[in-house]
Amino acid sequence: MKFFIDTANLNEIKEAQDLGILDGVTTNPSLMAKEGITGEDNIMAHYKAICNIVDNNVSAEVIATDYEGMISEAKTLSQIDRKIVVKIPMIKDGIKAIRYLADEDIRTNCTLVFSAGQAILAAKAGASYVSPFIGRIDDVSGDGVQLIEQIVLIFKNYEFKTEVLAASIRHNLHLIQCAEIGAHVATCPYKVIIGLLNHPLTDKGLAQFLADHKKAQQTAELA
Ligand code: E4P
């Protein structure tokens, strides 16, 4: 399973990269805005800074919603660095753009996917990744993890090369469930990645080991 971090925050990206477990980054216009990145030059420079931290797979989203605009932005974004994956929204012109970009060997991540039908269209168009938003589905009383399972099965049935990128992950259980059902990638906020480290028995066990070691040292020193 590939691990992406879902943020545009350079410190969080560096920390996750330093753990040695990171396979990529996903951003979106909201995450870029959260970091206060505005203006085309600053946005391009920020994507380059992200690419300089990680080894591969930096999703950068187009703003245009028409075919020509998406193609033009995708070409600009893909020229920043070979690590860029262009994020294209799941709309009619987006599907056409994904097909064009696939034929040009430009990798794409089809975003805002909320149904198996949308995922099939994106895979048929040649998307490198499809991003079903599981947290947002749960928010409206759906079952986001079930959608991932359905798409994984469909892609397996037809040997689609498109990878299922579970997005909008809100907590550790989402991540574990996505791993159980074979999502190819999970993109998580920093707190979810770090949250995987935690278990109270680990903390308790380590405290005990260190206390026993200290006691044995002190006993040895007194002897
Ligand atoms: C990632 O590619 C998505 O843009 C992101 O996971 C959306 O997450 P959210 O629903 O928490 O905003």
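Heads up: these notes are all about the structure in this document.

Some details on the site of the ligand
In the vicinity of the ligand, the contacting residues are Asp6, Thr26, Asn28, Lys87, Phe133, Arg136, Ala167, Ser168 and Arg170. Within the side chain of aspartate 6, an N or O atom sits 2.6 Å from an oxygen atom of the ligand. Measuring from an oxygen atom of the ligand, one finds a side-chain N or O atom of arginine 170 at 3.2 Å. The residue inventory of the shell around the ligand, partitioned by class, reads 2 nonpolar, 3 polar and 4 charged.

Here's the deal with the environment of aspartate 41
Secondary-structure assignment places aspartate 41 in helix 3 (residues 40-53). According to the relative accessible area criterion, aspartate 41 is exposed, its value standing at 66%. Residues aspartate 41 and threonine 108 lie 67 residues apart in sequence; the distance between their C-alpha atoms is 22 Å.

Thoughts on the pattern of salt bridges
Inspection of the entire model under this criterion finds 5 salt bridges. Where aspartate 139 meets arginine 170, a salt bridge forms, and the shortest distance between an N and an O atom there is 3.0 Å. Taken together, the residues span a long stretch of sequence, with aspartate 139 in helix 7 (residues 134-139) and arginine 170 in the loop between strand 7 (163-166) and helix 9 (172-180) at a distance of 31 residues. What makes aspartate 139 exposed here is its relative accessible area of 54%. Residue class for arginine 170 comes out partly exposed when judged on its relative accessible area of 35%.

As for the sheet that holds strand 5 (residues 108-113)
Within a sheet, adjacent strands bond to each other through the backbone by hydrogen bonds, running parallel or antiparallel. The sheet built from 8 strands closes into a barrel, its strands ordered 1-2-3-4-5-6-7-8 with parallel pairing. Taking the axes of each pair of neighbouring strands and ignoring which way they run, one obtains an average angle of 30° across the sheet. Bridge count between strand 2 (residues 24-26) and strand 3 (residues 58-61): 2 bridges; the pairing is parallel. For valine 25, the partnering residue across the bridge sits in strand 3 and is valine 58. The strands touched by helix 3 within the sheet are strand 2, strand 3 and strand 4 (84-89), with strand 3 carrying the most contacts at an inclination of about 170°.

Observations concerning the packing of aromatic side chains
Tallied over the entire structure, the rule returns 5 aromatic pairs. Each ring, one from phenylalanine 114 and one from phenylalanine 133, has its centre 5.6 Å from the other, and the planes form 65°; the classification is edge-to-face. Remark: phenylalanine 133 occurs in the loop between strand 6 (129-132) and helix 7 and phenylalanine 114 occurs in the loop between strand 5 and helix 6 (116-125); sequence separation between them is 19 residues. The class of phenylalanine 114 is partly exposed, set by a relative accessible area of 35%. Accessibility expressed as a relative area gives 7% for phenylalanine 133, which makes it buried. An aromatic cluster of three or more residues is present, and its members are Phe155, Tyr158 and Phe160. Sitting over the ring of tyrosine 67, lysine 96 keeps its end group 5.0 Å from the ring centre.

Cut-offs and rules
Residues numbered from 1 in each chain as written. Predicted model: local features only at pLDDT ≥ 70, side-chain atom pairs only at ≥ 80, totals over all residues. Heavy atoms only, no water. Near = heavy atom within 4 Å. Polar contact = N/O pair within 3.5 Å; in protein donor to acceptor, adjacent residues only side chain to side chain. Nonpolar A, V, L, I, M, F, W, Y, C, P; charged D, E, K, R; others polar. Helix = DSSP H or I, 4+ residues; strand = E, 2+ residues; numbered from the N terminus. Buried < 20%, exposed > 50% of the residue type's maximum accessible area, 1.4 Å probe, protein only. Salt bridge = Lys/Arg side-chain N within 4 Å of Asp/Glu carboxyl O. Pairing = 2+ DSSP bridges. Axes fitted to C-alpha atoms, helices over the stretch in contact; angles between N-to-C directions. Contact = heavy atoms within 4.5 Å. Phe/Tyr/Trp six-rings, centres within 6.5 Å; stacked < 30°, edge-to-face > 60°. Lys NZ or Arg CZ within 6 Å of the ring centre and 35° of its normal.

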